[in-house]
Amino acid sequence: MAAAQPPDDTLPKIEKHIAWVLAHPGMSAWLKDALRTSADRDPVDLLGDLAMLSLLLKAKSHAAINQQLGSPKTFAR
């Protein structure tokens, strides 16, 4: 007979971290809204959206910073 695996408590721990961010007054409304609206999403779809969002917003942010600094350099990802 195989030994029983202890329950994985990773998801509850992450949910506690999310709850902390949602309750924290210093966190942005944008971040809180993203966390709330992602709660019931399919995790595979969510990861795809996160990858696209990260790619686009990092590129946009780097371009805006470079423009403000007057530098054509790109940042390493």
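Position labels on residues start from 1 in each chain and follow its written sequence. In keeping with the model being predicted, local features are shown solely for residues with a pLDDT of at least 70 and side-chain atom pairs are shown and tallied solely at 80 or more, while totals for entire chains, interfaces and linings include all residues. Hydrogens are left out, water is left out, and the side-chain values use all remaining heavy atoms of the structure.

Student: For the overall build of the chain, give the residues involved together with the corresponding values.
Tutor: Each helix and strand counted, the chain has three helices and zero strands in total. Scanning the chain from its N terminus toward the C terminus, one meets helices and strands in the order α-α-α. Under the scheme applied here, a residue whose accessible area is under 20% of the maximum for its type counts as buried, over 50% as exposed, and between as partly exposed, the area being computed with a 1.4 Å probe on protein chains only. Every one of the 77 residues in the chain was classed for burial, and the buried ones make up 5%. Accessible surface computed for the chain: about 7,000 Å², of which carbon and sulfur atoms make up 64%. The secondary structure listing takes helices from DSSP runs of H or I that are at least 4 residues long and strands from runs of E that are at least 2 residues long, numbered from the N terminus. The method behind every accessible area is Shrake-Rupley, applied with a 1.4 Å probe, and residues are considered shielded solely by the protein chains displayed.

Student: For helix α3 (residues 43-69), give the residues involved together with the corresponding values.
Tutor: To estimate how far a helix should extend, the number of its residues minus one is multiplied by 1.5 Å. Helix length check: α3 (27 residues) gives 38 Å between terminal C-alpha atoms against 39 Å at 1.5 Å per residue, within 8%. Two to three positions downstream of the cap, the backbone nitrogen of valine 44 sits 3.1 Å from a side-chain oxygen, assigning the N-cap of α3 to aspartate 42. Positioned one or two residues after α3, glycine 70 has a phi angle of 70°, which is positive. Here a polar contact means two N or O atoms within 3.5 Å. Within protein one must be a hydrogen donor candidate and the other an acceptor candidate, and residues neighboring in sequence count only if both atoms are side-chain atoms.

Student: Any chance you could break down the environment of isoleucine 18 for me, citing the residues and the numbers?
Tutor: Take isoleucine 18: it is sitting in helix α1 (residues 10-23). According to the relative accessible area criterion, isoleucine 18 is partly exposed, its value standing at 25%. Taking the C-alpha atoms as reference points, isoleucine 18 and arginine 36, 18 residues apart in sequence, are found 9.1 Å from one another.

Student: Could you give an account of the pattern of salt bridges, with specific residues and numbers?
Tutor: Here, a salt bridge means any side-chain nitrogen of Lys or Arg that lies within 4 Å of a carboxyl oxygen of Asp or Glu. Within this structure, the stated rule accounts for two salt bridges. Lysine 13 is the salt-bridge partner of aspartate 9, the closest N and O atoms lying 3.6 Å from each other. Judged by relative accessible area, lysine 13 falls into the partly exposed class, the value being 48%. Aspartate 49 is the salt-bridge partner of arginine 41, the closest N and O atoms lying 2.7 Å from each other. Judged by relative accessible area, arginine 41 falls into the partly exposed class, the value being 34%.

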